[in-house]
Amino acid sequence: MLRFFATRLAQLVLVVLAVTLLCYWMLNLLPGNPCVAAFGGAATEEQIAECERDRNLDDPVIVQWAKWGGDVLSGDFGKSYLTGRSFGEAITTALPRSLLLLAYSQILALGAAIPLGLWSGYKQNSLGDKIISGGAFGLLSIPVFVLGLVLILVFAVRLDWFDLSGYQPISEGLVAHFRVMFLPSVALAAGLLPVYLRLLRTDVIGTLREDFVGTAQAKGLPVRHVLLRHVLRPSSFTLMTIFGIQAAQAVNGAIVVEFMFDLDGVGSLLVAWVAAREFLLVQTLVAVIAVVFVTVTTIVDLLYAVLDPRVRRR
């Protein structure tokens, strides 16, 4: 176990180093000067030169990146040159909103994909299986921004069931909170559900051919018992692997969803900071996302031991 965590820690460090260095290099390729943007174009050449020295913009990219890393390790996560707002202050407000959105979308996607995938695999090639599979392919083909606009138009504008007034914390009441968070969660979950469903269906079909499942059926056990106790666990390895990847990649879809539903989460911060060329803040946020990605995949690896005792013996 100690070897496992040491390996994962080394991977975490390497991933963060590689991702942040690549990100820093790509940001420096963007046109424009962040110091000019900070002063609004009204600065003198001396002021711009001083700003570039303060930001280390006159150094090579590798030196700028190394200085940023040293500041982060010392506890200085950077601040905005436009607003003076620190990274900690900005992320404290935005991160809970994004985490809740990602959590709700995953709960909705898995909550629908697991029963539908089990039933679709058990009823392979039946009319119900074809309807579920066709619906999954259709849902997968709809871009998130199109689905989001449809949900807003139908359920928020015409029916007025949900609210578009911006994020409402749980402290303001569960009803107000979920009136704001339900539609964006559905829009984001719609892209995850078909992937989970199709993978689980395929694995269920293979597991149903195993001898231990035939033995359970020969004993006369109820179908629900066979599917939940004997089929679901060994069929969940691929689903668990993809869940770890999709949970991190869902940040991409969250950027669009947060913008459409005015949630002002991490995705909105990232877009705003890239547009303003806030290199230090973007770097730190990318590092946080990389840490989250590796952490999620590590948790998924640990869950393998829960699903299959043979992994624990290894």
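Relevant structure appears above.
Here's what I pulled together on the structure shown here. Here the structure is a predicted model, which means the values were calculated and not measured. (Residues numbered from 1 in each chain as written. Predicted model: local features only at pLDDT ≥ 70, side-chain atom pairs only at ≥ 80, totals over all residues. Heavy atoms only, no water.)

**A look at the side chain of Thr20**
Heads up, the rule is: Secondary structure elements follow DSSP: runs of H or I of four or more residues count as helices, runs of E of two or more count as strands, with numbering from the N terminus. Whenever a nitrogen or oxygen atom comes within 3.5 Å of another N or O atom, the pair is scored as a polar contact, on the condition that within protein one atom can donate a hydrogen and the other can accept it, and that pairs from neighbouring residues in sequence are kept only if both atoms are in side chains. We call two residues contacting when some pair of their heavy atoms lies within 4.5 Å.
Tracing the sequence through the fold places Thr20 in helix H1 (residues 2-27). There is a polar contact of 3.2 Å between the side chain of Thr20 and the backbone oxygen of Leu17. A polar side-chain atom of Thr20 sits 3.0 Å from a polar atom in the side chain of Trp65. With residues up to four places along the chain from it excluded, the contact list for Thr20 reads Trp65, Trp68, Gln283 and Ala287.

**Some remarks on the packing of aromatic side chains**
Keep this limit in mind: By convention, a stacked pair of Phe, Tyr or Trp rings (six-membered ring in the case of Trp) has centres within 6.5 Å and planes under 30 degrees apart, an edge-to-face pair has planes over 60 apart, and any other such pair is tilted. Throughout this description, buried means an accessible area under 20% of the type-specific maximum (1.4 Å probe, protein chains only), exposed means over 50%, and partly exposed covers the range between.
Scanning the model with the defined rule gives six aromatic pairs in all. Centroid distance Trp119 to Tyr122: 6.0 Å. Interplanar angle 45 degrees. Geometry classified as tilted. Placement of both Trp119 and Tyr122 in helix H5 (residues 87-122) is noted, with a separation of three residues, approximately one turn of the helix. Between the aromatic rings of Phe162 and Phe182, the centroid separation amounts to 5.2 Å while the plane-to-plane angle is 15 degrees, which identifies the pairing as stacked. Note that Phe162 is positioned in the loop between helix H7 (144-158) and helix H8 (174-207) and Phe182 in helix H8, a separation of 20 residues in sequence. Taking relative accessible area as the criterion, Phe162 reaches 16% and is therefore assigned buried. You can call Phe182 partly exposed: its relative accessible area is 36%.

**Quick notes on the side chain of Glu258**
As a reminder, the rule being used: By the counting rule applied here, Lys and Arg register as positive and Asp and Glu as negative, while His and the ends of each chain are not counted. The term salt bridge refers to a pairing of a side-chain nitrogen on Lys or Arg with a carboxyl oxygen on Asp or Glu at a separation within 4 Å.
Within the fold, Glu258 resides in helix H11 (residues 237-260). Buried charge without a salt bridge: Glu258, with Arg97 as the nearest opposite-charge side chain at an N-O distance of 8.6 Å. Contacts of Glu258, omitting those with residues within four sequence positions, involve Ser98, Leu101, Leu263, Asp264, Gly265, Val266, Gly267 and Ser268.

**Regarding the nonpolar core**
Rule in force here: To define a nonpolar core, start from buried Ala, Val, Leu, Ile, Met, Phe, Trp, Tyr and Cys residues and group those joined through side-chain atoms within 4.5 Å.
If you look at the biggest cluster of nonpolar residues, it comprises 25 residues, and the most contacted ones within it are Trp68, Phe87, Trp273, Val282 and Leu285. With eight residues, helix H13 (residues 279-307) is the largest single contributor of residues to this core. Leave out the neighbours within four places in its chain, and Val282 touches Cys23, Leu27, Leu270, Trp273 and Val274. In this structure, Leu102, Tyr104, Phe162 and Tyr167 belong to the second largest nonpolar core, which totals 23 residues.

**Section: the environment of Arg201**
Within the secondary structure, Arg201 is located in helix H8. On the basis of relative accessibility, which here comes to 11%, the residue Arg201 falls in the buried class. Linking Arg201 and Val251, residues 50 residues apart in sequence, is a C-alpha distance of 25 Å. Beyond its immediate stretch of four places on either side in the chain, Arg201 contacts Gly117, Ser120, Gly121, Gln124, Asn125, Asp129 and Ser133.

**Looking at a nonpolar patch on the surface**
Formally: Residues forming no salt bridge and having over 30% relative accessible area are the ones grouped into patches, like charges within 9 Å of each other and nonpolar side chains (Val, Leu, Ile, Met, Phe, Trp, Tyr) within 5 Å. Methods summary: accessible areas were calculated by the Shrake-Rupley approach with a probe of 1.4 Å, and residue burial reflects only the protein chains presented.
On the surface, Ile142, Phe145, Val146, Leu149, Val150 and Val256 cluster together into a nonpolar patch covering about 470 Å² of accessible area. When residues of the nonpolar patch are assigned to their parent elements, the largest contribution, four residues, is made by H7. Given the relative accessible area of 34%, Val146 is considered partly exposed.

**Structural notes on helix H4 (residues 61-73)**
Condition: The span one expects for a helix is its residue count, reduced by one, times 1.5 Å. Arc definition: directions from the helix axis to the C-beta atoms.
Taking 1.5 Å of rise per residue, 13 residues should cover 18 Å, and H4 covers 18 Å from first to last C-alpha, within 8% of that figure. Within H4, the full set of buried residues consists of Gln64, Trp65, Trp68, Gly69 and Val72. Looking straight down H4, one finds that the buried residues subtend no more than 135 degrees of arc, so they occupy a single side. Among the residues trailing H4, Gly75 stands out with phi positive, at a value near 100 degrees.

**Let's talk about the packing of H5 against helix H6 (residues 127-140)**
Worth spelling out the cut-off: Axis geometry follows a simple rule: fit a line to the C-alpha atoms, using only the stretch in contact for helices, then measure angles between N-to-C directions, giving values from 0 to 180 degrees. Any angle that falls under 35 degrees is termed roughly parallel, while one over 145 is termed roughly antiparallel, one within 65 to 115 roughly perpendicular, and all others oblique. Handedness of a crossing is defined here by the sense of rotation of the near helix relative to the far one, left-handed for an anticlockwise turn of less than a right angle and right-handed for a clockwise turn. Gly is put with the polar residues, along with every residue not named as nonpolar or charged; the nonpolar set is Ala, Val, Leu, Ile, Met, Phe, Trp, Tyr, Cys and Pro, and the charged set is Asp, Glu, Lys and Arg.
Remark: H5 packs on H6, axes separated minimally by 8 Å, with the N-to-C direction vectors making an angle of 135 degrees. By the angle between their directions, the pair H5 and H6 is classed as oblique. Of the two elements, H5 crosses H6, and the hand of that crossing is left-handed. When H5 is examined against H6, the residues Leu116, Trp119 and Ser120 are found in contact with a partner set consisting of Asp129, Ile132 and Ser133. Of the residues in the contact of H5 with H6, the class split is three nonpolar, two polar and one charged.

**Considering the pattern of salt bridges**
Enumeration over the complete set of coordinates arrives at one salt bridge. Among the salt bridges present, the one from Arg201 reaches Asp129, with a minimum N-O distance of 2.8 Å. Of this pair, Arg201 sits in helix H8 while Asp129 sits in helix H6, and the two are 72 residues apart along the sequence. The pair formed by Arg201 and Asp129 is uniform in burial state, with each residue classed as buried.

**Some points on H7**
To keep it simple, the criterion reads: Throughout, the bend at a residue refers to the angle made by two axes, fitted to the seven residues ending there and to the seven starting there.
If you check H7, its first and last C-alpha atoms are 20 Å apart, about what 15 residues at 1.5 Å a residue would give, namely 21 Å. The largest bend along H7 measures about 30 degrees and falls at Ile152. Among the residues of H7, those classed as buried are Leu147, Gly148, Leu151, Ile152 and Ala156. Phi turns positive one or two residues past the end of H7, at Asp160, with a value near 55 degrees.

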